[in-house]
Amino acid sequence: MVAYFPRLPVLEDDQVLGATTLNLYTRAAQYLLGTGHSTFSASRSRDSSRYFSTWGSLWDSWGYMSHKRIRINAQIGTSLTGNKAWFSLQYWGDNDAWNQVWAYDTTVYYEYNHIDITIDLSGETHMTAGKWYHFQMEARTDDETYHSRFLPWVIGVAPSLTGWTALPSWTASTVSSAANFNTIRHNLLALYNFIPKYHIFSGSKEFTNVQFTQWMSTTQLGIQKKGDDLLVGMQLRSGGNHQWRVVLEDEAGTLWYPYTSPIIGTTYDQYPLRSEEIVLPGNKGDFFRIYFQTKSHSSTWRIYSRRCYAFFESDLVVGADWPNLVDWEHGDNDVGPTRMGLFNAALNSLHSGDEQLLSFTPFEGGDIWVSGDSTDFVGPHRHRWLIYYTNGTED
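Since the model is a prediction, treat every value here as computed from it, not as a measurement.

So, on to the overall build of the protein. A tally of helices and strands in the protein yields three helices and 24 strands. In terms of its C-alpha atoms, the protein occupies a principal-axis envelope of roughly 80 × 50 × 40 Å. The proportion of buried residues among the 395 residues of the protein is 49%. Within the protein, residue pairs in contact and separated by at least 24 positions form 81% of the contacts whose partners lie at least 6 positions apart. Put simply, the protein shows about 18900 Å² of open surface, and 47% of that area lies on carbon and sulfur atoms. Of note, the protein has its 29 positive side-chain charges centred 6 Å away from the centre of its 41 negative side-chain charges.

With that out of the way, let us pick up the side chain of Arg245. Tracing the sequence through the fold places Arg245 in strand S15 (residues 242–250). No salt bridge is formed by the buried Arg245, whose closest oppositely charged neighbour, Glu249, lies at an N-O distance of 12 Å. In terms of polar contacts, Arg245 uses its side chain to reach the side chain of Gln293, at 2.6 Å. Once you skip the residues sitting within four places of it in the chain, Arg245 turns out to touch Trp215, Tyr257, Tyr259, Thr260, Tyr291, Phe292 and Gln293.

So, on to the packing of helix H1 (residues 19–36) against helix H3 (residues 337–352). What describes two packed helices is the angle between their axes and the distance between those same axes. It is at 11 Å that the axes of H1 and H3 come closest, and there the two elements cross at 20°. Judged by the angle between their axes, H1 and H3 are roughly parallel. The interaxial crossing formed by H1 with H3 has left-handed handedness. Residues Leu22, Tyr25, Thr26, Ala29, Leu32 and Leu33 of H1 pack against Met340, Phe343, Ala346 and Leu350 of H3. Among the residues forming the contact of H1 with H3, the class breakdown is nine nonpolar, one polar and no charged.

Another point: empty space enclosed by the protein. The final tally for this structure, using the stated rule, is three cavities of 30 Å³ or more. Space inside the second largest cavity adds up to approximately 40 Å³. Lining the second largest cavity are Thr26, Leu325, Val326, Trp328, Arg339, Leu342 and Phe343. No other element matches H3, which puts three residues into the lining of the second largest cavity. In terms of residue class, the lining of the second largest cavity is made up of five nonpolar, one polar and one charged.

Backbone hydrogen bonds hold the strands of a sheet together, and the pairing may be parallel or antiparallel. Across the sheet, five strands lie side by side as S2-S13-S18-S15-S16; this open sheet has antiparallel pairing. Each having just a single partner strand, strand S2 (43–44) and strand S16 (255–260) make up the two edges of the open sheet. Bridge count between S15 and S16: four bridges; the pairing is antiparallel. Within the sheet, the bridge partner assigned to Leu248 lies in S16 and is Trp256.

To continue, consider the layout of surface pockets. In this model, the second largest pocket occupies a volume close to 300 Å³. Residue lining of the second largest pocket: 17 residues in total, with His37, Lys226, Gly227, Asp315 and Val317 positioned closest to the centre.

Okay, the packing of aromatic side chains next. With the rule as written, the count across this model stands at 19 aromatic pairs. Pairing Phe287 with Phe360 gives two aromatic rings, centres 5.7 Å apart and planes at 85°, and the pair type is edge-to-face. In this pair, Phe287 is assigned in strand S18 (residues 287–296) and Phe360 in the loop between H3 and strand S20 (361–362), connecting sequence segments 73 residues apart. Phe360 sits in the buried class, given a relative accessible area of 4%. Taken together through their ring pairs, the aromatic side chains of Tyr91, Tyr133, Phe135 and Phe363 make up a single cluster. The side chain of Arg306 reaches across the aromatic face of Tyr271, ending 3.8 Å from its centre. We note Arg339 situated over the ring of Trp328; from NZ or CZ to the ring centre the distance is 3.8 Å.

This part is about H3. When the terminal C-alpha atoms of H3 are compared, their 21 Å separation across 16 residues agrees well with the 22 Å that a helix rising 1.5 Å per residue should span. Taken as a whole, H3 has its buried residues at Arg339, Met340, Phe343, Asn344, Ala346, Leu347, Ser349 and Leu350. For H3, the secondary structure elements touched by its buried residues are H1 and helix H2 (178–194).

Counted according to the given criterion, the structure contains seven salt bridges. Two residues, Arg27 and Asp327, come together in a salt bridge whose shortest N-O distance is 2.7 Å. Here Asp327 lies in the loop between strand S19 (303–312) and H3 and Arg27 lies in helix H1, a separation of 300 residues in the sequence. With a relative accessible area of 27%, Arg27 lands in the partly exposed category. Residue Asp327 is classed as partly exposed on the basis of its relative accessible area, which comes to 36%. A salt bridge links Asp116 to Arg71, with the nearest nitrogen and oxygen atoms 2.8 Å apart. Note that Asp116 is positioned in strand S8 (residues 114–120) and Arg71 in strand S5 (residues 69–78), a separation of 45 residues in sequence. Using a relative accessible area of 21% as the deciding quantity, one classes Arg71 as partly exposed.

Calculation criteria
- Counting starts from 1 at the beginning of each chain's written sequence and moves along it residue by residue.
- Selection of residues for local features in this predicted model requires a pLDDT of at least 70, selection of side-chain atom pairs for listing and counting requires 80 or more, and totals for whole chains, interfaces and linings are taken over all residues.
- Just so you know, side-chain values use all the structure's heavy atoms and leave hydrogens and water out.
- Where helices and strands are cited, they refer to DSSP runs of H or I of at least four residues and of E of at least two residues respectively, numbered from the N terminus.
- Only protein chains enter the accessibility calculation, which uses a 1.4 Å probe; a residue is then buried when its area is under 20% of its type maximum, exposed when over 50%, and partly exposed in between.
- Contacts were defined at the residue level, with two residues in contact if any of their heavy atoms lie within 4.5 Å.
- The Shrake-Rupley method, run with a 1.4 Å probe, gives the accessible areas here. Residue values count only the displayed protein chains as cover.
- Note on charges: Lys and Arg go in the positive column, Asp and Glu in the negative column, and His and the chain ends are not counted at all.
- Where a charge lies is defined by one atom per residue type, namely NZ (Lys), CZ (Arg), CG (Asp) and CD (Glu).
- When a carboxyl oxygen of Asp or Glu lies within 4 Å of a side-chain nitrogen of Lys or Arg, that pair is called a salt bridge.
- Pairs of N or O atoms within 3.5 Å make up the polar contacts considered here, provided that, within protein, one atom can donate a hydrogen while the other can accept it, and that residues adjacent in sequence are counted only when both atoms are side-chain atoms.
- Under this scheme, a helix contributes an axis fitted over its contacting stretch, all axes are lines through C-alpha atoms, and angles between N-to-C directions fall in the 0 to 180 degree range.
- Angles below 35 degrees are treated as roughly parallel, those above 145 as roughly antiparallel, those between 65 and 115 as roughly perpendicular, and all remaining angles as oblique.
- Working rule for handedness: look at the near helix, and if it is turned counterclockwise from the far one by less than a right angle, call the crossing left-handed; if clockwise, right-handed.
- Residues are grouped as follows: Ala, Val, Leu, Ile, Met, Phe, Trp, Tyr, Cys and Pro are nonpolar; Asp, Glu, Lys and Arg are charged; all remaining types, including Gly, are polar.
- Of the grid points, spaced at 1 Å and generated over the protein atoms alone, those admitting a 1.4 Å probe that cannot get out make up cavities, while open sets with protein on both sides within 12 Å along at least five of seven lines make up pockets; any residue with an atom within 4 Å of a point is treated as lining.
- Grid points are joined across faces, edges and corners, and a volume is the space filled by probe spheres set on the points.
- A pair of strands is considered paired only if DSSP assigns at least 2 bridges between the two.
- Aromatic pairs are defined between Phe, Tyr and Trp rings, using the six-membered ring for Trp, whenever the two ring centres lie within 6.5 Å; interplanar angles under 30 degrees are classed as stacked, those over 60 as edge-to-face, and all others as tilted.
- Cation placement over rings: the criterion is NZ of Lys or CZ of Arg within 6 Å of the ring centroid and within 35° of the ring normal.
- To estimate the expected span of a helix, subtract one from its residue number and multiply by 1.5 Å.

Take it as geometry only, folks, not as evidence of what the structure does.
Take a look at the structure:
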C-alpha cells in the first residue's frame with residue numbers, strides 16, 4: 001500500500017508532460033486501492049430503552065464530522081405494539097446547546113422496525129466540518145407501562161461522492177488537452193475526499209455470564225461489509241469448562257453461526273485471548289450485527305469475558321477489473337489510449353467496479369456512561385496517531 005496520497009499538479013496546455021506527473025496518478029490510484037483493502041473495525045451495538053414520559057437520553061456517542069452527512073441503520077420503536085414512542089437525535093453544537101437534526105415517532109414494535117436512513121447536515125450552522133461532535137438520542141413514551149427501544153446497528157458519517165466527472169476518451173492520433181489529464185486528477189481527488197479519514201476501535205465492557213449451561217450474548221457489534229474475511233476475538237476466563245461462539249444477523253433477520261469454539265478448560269487465573277477468522281455472507285455494503293456468546297458447561301462456574309472485537313481483513317486479492325498500472329519512465333513517448341486507458345480502468349473500478357470504495361465511519365462509544373463503569377477498546381494499529389477524549393477535550 002502507498003503510504004500517503006500524493007500532491008497532484010494541475011496541467012496547462014502547451015506544458016511538457018513528464019513521467020513524474022503520470023506516476024503521481026499511479027500512486028494516487030494505488031493509495032485508494034490500498035485504502036479499500038485496509039482493516040476496519042466494527043462498532044458497538046447496544047440495545048437501549050427508556051420508559052419515562054419525559055424526554056431523556058438513552059444513547060450517546062462521539063463522531064468526527066469529516067462530512068456533514070450521517071447514516072443510521074437501526075431497529076427502533078416501542079416495546080408494546082400500538083403504544084407510541086418518540087425519538088429525537090441531537091448534537092452539541094458550536095452554540096453550546098443541543099440541536100435537533102432528526103425527529104421520529106412510531107407505534108411499531110422495535111424488532112420489526114428496521115430503518116436505514118441518511119441525514120443531510122449541510123444546513124447545520126452550529127456544526128463545522130472537520131470537528132468532533134457529541135450526539136445523543138433522546139426518547140420518551142406516553143406513560144411508564146412500556147418502553148421506547150433503540151438498537152443501533154451502526155451510526156456514523158456517510159459522505160456522498162461529489163465532484164465525479166465523466167472520464168475522457170483516449171483516441172489514437174488525437175491530440176489530448178490538459179483538460180483530459182486534469183479530469184484524471186479531479187476524479188482521484190474526488191475519491192480521496194470521499195474515503196474515511198480515520199477508523200475506530202471496537203469497544204466492549206466486561207461481562208459475566210451467570211446463565212449456566214445456556215448460550216448468552218455478552219457483546220454486540222455492528223459492521224458494514226467491505227470484504228469476505230472478518231477477524232473476531234475476545235478474552236474470557238472461567239473456573240470450569242466453557243465455550244464461545246459468534247452469531248451473525250443480517251437486516252432481514254437471518255442468523256448465521258460461522259464459528260463455535262471447542263470446549264475450553266479452566267482458565268480462571270488468566271484472560272487468554274481467543275480469536276478466529278470467519279467469512280461474512282451477503283454482498284459488499286451490507287450491514288451485519290455480530291453477537292459474541294458464551295456458554296458454561298458447569299452449574300457453578302461463571303464466565304467472565306471482555307474486549308470483544310471484530311475487524312475486516314483483506315485477502316489482498318484485487319478485483320478482476322483492476323488494471324496492471326506500470327510506472328512510466330522519462331523518455332517514454334507512447335502516451336496513447338492503451339496506457340492512458342489504464343487510468344480510466346482503475347478509476348472505474350474504484351468508482352463502481354470490483355474495487356468500489358465505501359465510505360462509512362461509525363461513531364465512537366454509543367453507550368450512556370455509568371459511574372464506576374468502564375469500556376475497553378480493541379483495534380488494529382493502522383496509524384501512528386491516537387485521538388481520544390477525556391471529559392470532552394481532545395488529547
